[in-house]
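The primary structure of each chain is shown beneath.
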Amino acid sequence: MTTDLHGPLSAYAARLHATVGDRHHVASPLGAWLLLAVCATEQADTEPADTEPAESNPAAEDAAGEGPSADGPAAEDLAHALGTDLASAAEVARVLLDAPHPLVRSATALWRRAGRSDGGSAAWRAALPRTTDVGELPDQAGLDAWAREHTDGLIDTFPLKVSPNVVFALASALATRVSWATPFDVADAGALGAGSPWARGLRRALRSPSHGHRCAIVSTERLGDVIMHAAPAQTTDGAGLVVLSVAADPQVPSSEVLAVAYDLSVGAADGAQPAGARSLFDLPLGETPLWTVREVRVRTRARDGREERHNAVLPCWSARSEHDLTAPALGFKAASTMLAKALAQPIESFDARQVAMARFGRYGFEAAAVTGMVGLVSLPPEGVARTAELRFGHPYAVVAVATDTRADGVTGPWHGVPVFSAWVTEPEELPEADAADR
């Protein structure tokens, strides 16, 4: 892969979540980032030296310079939003989308309204990820069906509406539905802590099993001590998914906790103990807002006779959110400008939104997000329209004229010759047999 995605994606996630604030929500920064990266496709016409060359694509190789210009404010703004150069971002998108993860369904699509333009550079379209659907803009029902199909039914509707002034749309979908490798145990909700408002409103919570999940108290430079829990899903063909939960002091803003969670996620996939993990023997016994440390006498094979055990208590949760992605810092204004140029379709405005859902329970986790961007042109100014209904209610003339156009474009001798003519003065009733549709 041409760039380390974690840094750019962490920065992008911080901006996206900041636009949402502290309310309960779920989002897919990756889904939005991938959509922006697809718009940068025309910059990835060369392979980095440290990567294996991709399969030859002459159309893509000829695309350099035919898509949106690498220069100019839009390209600079898009690169800033992506957190890396456009060519690297496009290559990352291709690698991820063309080699999908077994546990994460992914899809992208680019649609344009038929008849609005010639679709721009064919070479640029050929440089898109192979898995990107390209075609005519569907109607609303078609877009909703696309969202359902590519999220395994977790998202019912496309996040944007198709109005007559939408000339193109770009979309991404991500979805996962996994079972934990080891399910949670059930705990009384009071185990969430005497100071927890949730403990008073719930009856039951989840407790991590004795084996199979990872828990730690971690000292961080940013927030001091935080707690983390990692639940791994059952693997498929060696590929897995780990859901990481991180909590800090209740007074810490959500943006700060999310940033630390992204930091701690770096080693989560490898099952590594996070840097800064605290030994329980370095902590005082007793209760804090985040944990309780107790000590009991046990028989243990630990070398120094000091054994450490962790468990975590979490609530079940679910969320469904819709996010406006039009803030300049999120990059979709720049992306729409570049995509409009690539498609040779001038636009006057754009819209970008994401709908996301997630559900965390005893036996598994499911989540999905559909991100969409559309380019719009202004509709014609309002005016008046007149319709004429022509009534043949009195005698009238009829002329039957022959046509005679040959395959070679030459007209034959019968072309334009009136063959029959009539003057109609005696109309007849429509036969009953012709009154029904056939």
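Before going into details, it helps to say that this report is about the structure given with it.

Conventions adopted
- Residues numbered from 1 in each chain as written.
- Predicted model: local features only at pLDDT ≥ 70, side-chain atom pairs only at ≥ 80, totals over all residues.
- Heavy atoms only, no water.
- Pairing = 2+ DSSP bridges.
- Helix = DSSP H or I, 4+ residues; strand = E, 2+ residues; numbered from the N terminus.
- Axes fitted to C-alpha atoms, helices over the stretch in contact; angles between N-to-C directions.
- Contact = heavy atoms within 4.5 Å.
- Polar contact = N/O pair within 3.5 Å; in protein donor to acceptor, adjacent residues only side chain to side chain.
- Buried < 20%, exposed > 50% of the residue type's maximum accessible area, 1.4 Å probe, protein only.
- Salt bridge = Lys/Arg side-chain N within 4 Å of Asp/Glu carboxyl O.

Side note on the sheet that holds strand 12 (residues 317–324)
Argument step 1. Pairing is mixed in the open sheet, where 6 strands are placed in the order 2-1-3-14-13-12. Looking at strand neighbours, the two that pair on one side only are strand 2 (133–136) and strand 12, the edges of this open sheet. Adjacent strand axes in the sheet meet at a mean angle of 10°, parallel and antiparallel pairs treated alike.
Argument step 2. Where helix 2 (residues 29–39) meets the sheet, it contacts strand 1 (105–112), strand 3 (166–179), strand 13 (349–360) and strand 14 (364–376), and its direction lies at approximately 140° from that of strand 3.
Argument step 3. Across the sheet, helix 7 (residues 140–150) touches strand 1, strand 2, strand 3 and strand 14, and the angle it forms with strand 1 is around 165°.

Comments concerning the sheet that holds strand 11 (residues 313–314)
Argument step 1. With antiparallel pairing, 3 strands are arranged side by side in an open sheet as 4-5-11. With partners counted over all chains shown, the strands left at the sheet margins are strand 4 (185–188) and strand 11, one partner each.
Argument step 2. Where strand 5 (residues 204–207) lies against strand 11, 2 bridges are found, and the strand directions are antiparallel. Across the sheet, the residue bridging to R207 is V313, located in strand 11.

Re the environment of E91
Argument step 1. Here E91 lies in helix 5 (residues 86–98).
Argument step 2. Considered as a pair, E91 and T41 are 50 residues apart in the sequence and their alpha carbons are 7.5 Å apart.
Argument step 3. One polar contact links E91 to R94, side chain to side chain, over a distance of 3.2 Å.

Quick notes on the environment of C316
Argument step 1. Inspection of the secondary structure assignment puts C316 in the loop between strand 11 and strand 12.
Argument step 2. Look at C316 and you get partly exposed, because its relative accessible area is 46%.
Argument step 3. For the pair C316 and A205, spaced 111 residues apart in sequence, the C-alpha to C-alpha distance is 6.6 Å.
Argument step 4. If we skip the residues at most four places from it in the chain, C316 touches L206, F360, G361 and R362.

Remarks on the pattern of salt bridges
Argument step 1. Per the counting criterion, the structure on display carries 10 salt bridges.
Argument step 2. Between R177 and D152 there is a salt bridge, and its shortest N-O distance comes to 2.4 Å. Of this pair, R177 sits in strand 3 while D152 sits in the loop between helix 7 and strand 3, and the two are 25 residues apart along the sequence.
Argument step 3. For R177, a relative accessible area of 44% translates into the label partly exposed.
Argument step 4. The class of D152 is partly exposed, set by a relative accessible area of 41%.
Argument step 5. In this structure, the salt-bridge partner of R278 is D225, at a minimum N-O distance of 2.7 Å. With R278 in the loop between helix 9 (254–264) and strand 9 (286–287) and D225 in strand 7 (residues 224–232), the pair connects residues that are 53 residues apart, well separated along the chain.
Argument step 6. With a relative accessible area of 23%, D225 lands in the partly exposed category.

Coordinates in, geometry out; function isn't part of it.
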